[in-house]
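Spelled out, the chains give:
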Amino acid sequence: MKLFLVRHPRPDVQKGLCYGDMDVPLVQGWEEGAKALKESLSLSFDAVSTIGYHSPLSRAAQLAEFVCDGRSQSVDALKELDFGDWEGVCWQDIPKAEIDLWADDIVYATPYNGESLQAVADRVWQWWLSVKDSPADNVVVVAHSGVIKVFVSLLCQWPLAQCHRINVGFSSVTEFSIQGDFVSLTRLGAGDWVSA
C-alpha cells in the first residue's frame, strides 16, 4: 500500500493566528494549486484500488473533495489539535509563560485547556489501526500539519516530542510505502507543484 498524507492549502487567516480545530476558510484561488496536486498524485478513486479520508474541517474537506473526486470519507480523528483557549488568538499575544509551559512538556501539557499532542497521537493511531489492513493499493489522507507530523512520527517510530521539527508545507504530500509491518518513508513534505 502507498499512503499519501496531504496537508490542506493555505487558509485565509491573519498571519500568526493560532488555529487548530477552528474552522477557517481557504485563500481565494486555492483550486489552481489543487489541480497541480491532483495531477501529481495521478490516482483513480474507485473504492477498490484507491480510497480517501479527510478531516471534517472545511480547509481539508474541500481539498479532499477536489483531489479525491468526491470519494473521500470524513474522519473526526483527523482533525487538527484543539488549542482550546488559544484558538483564534495570535501567537504573539499568548503569554510567554504559557507557551513555555507547553514547550517544557509538549507531548502532555495543555496550558491552553485543549487537547494534548499525546491525545492527538492516540486518536490518529487508533483510527489508523482500524484502516491499515485495507486491501486498497493507495490511501490518501487529507489533514493538517499537526496530524501529519504525528502520523510521520508514529509510523517512523520517531519521538513524538520532536515532531515539531518535521516541516510539511501547505498542499504538500508525504508518502509512505507500507507492506505489512514494514514502513518506508518515500517523500516528506513534497510540494514542488505549489507556487509561492
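1. What to know about the environment of Ile148
With respect to the helices and strands, the residue Ile148 is situated in helix α5 (residues 145–156). Once the C-alpha coordinates of Ile148 and Val124 are considered, the two residues, 24 residues apart in sequence, prove to be 9.5 Å apart. The residues contacting Ile148, other than those within four sequence positions of it, are Leu5, Val6, Arg7, Val168 and Thr174.

2. Digging into the side chain of Ser172
Along the chain, Ser172 falls in the loop between α5 and β5 (173–179). Engagement of the side chain of Ser172 in a polar contact is seen with the backbone oxygen of Gly169, the distance being 2.7 Å.

3. Brief notes about the pattern of salt bridges
Following the criterion strictly, the structure yields six salt bridges and no others. A salt bridge links Lys38 to Asp69; its shortest N-O distance comes to 2.3 Å. With a gap of 31 residues between them, Lys38 in helix α1 (residues 30–41) and Asp69 in the loop between α2 (58–67) and β3 (72–74) connect regions that are remote in the sequence. A residue is classified by how much of its surface remains accessible, and Lys38, at 28% relative accessible area, is partly exposed. The partner of Arg187 in a salt bridge is Glu175, with the nearest N and O atoms 2.9 Å apart. With a gap of 12 residues between them, Arg187 in strand β6 (residues 182–190) and Glu175 in strand β5 connect regions that are remote in the sequence. You can call Glu175 buried: its relative accessible area is 8%. When salt bridges with common partners are traced through the structure, they connect Lys2, Glu175 and Arg187 into a single cluster.

4. Focus: the environment of Ala97
Locating Ala97 in the fold gives a position in helix α3 (residues 96–104). A residue is classified by how much of its surface remains accessible, and Ala97, at 54% relative accessible area, is exposed. Along the backbone, Ala97 and Pro111 are 14 residues apart, and their C-alpha atoms lie at a distance of 9.4 Å.

5. A word on the nonpolar core
Grouped together as the largest cluster of nonpolar side chains are 41 residues, with contacts concentrated most on Leu3, Trp127, Trp128 and Phe151. Here this core takes seven residues from helix α4 (residues 117–131), the largest share from any one element. When sequence neighbours within four positions are dropped, the list of residues in contact with Trp127 reads Tyr53, Val75, Ala77, Leu78, Val141 and Phe151. With 17 residues, the next largest nonpolar core counts Leu37, Leu43, Phe45 and Ala60 among its residues.

The rules behind each value
- Residues numbered from 1 in each chain as written.
- Predicted model: local features only at pLDDT ≥ 70, side-chain atom pairs only at ≥ 80, totals over all residues.
- Heavy atoms only, no water.
- Helix = DSSP H or I, 4+ residues; strand = E, 2+ residues; numbered from the N terminus.
- Contact = heavy atoms within 4.5 Å.
- Polar contact = N/O pair within 3.5 Å; in protein donor to acceptor, adjacent residues only side chain to side chain.
- Salt bridge = Lys/Arg side-chain N within 4 Å of Asp/Glu carboxyl O.
- Buried < 20%, exposed > 50% of the residue type's maximum accessible area, 1.4 Å probe, protein only.
- Core = buried A, V, L, I, M, F, W, Y, C linked by side-chain atoms within 4.5 Å.

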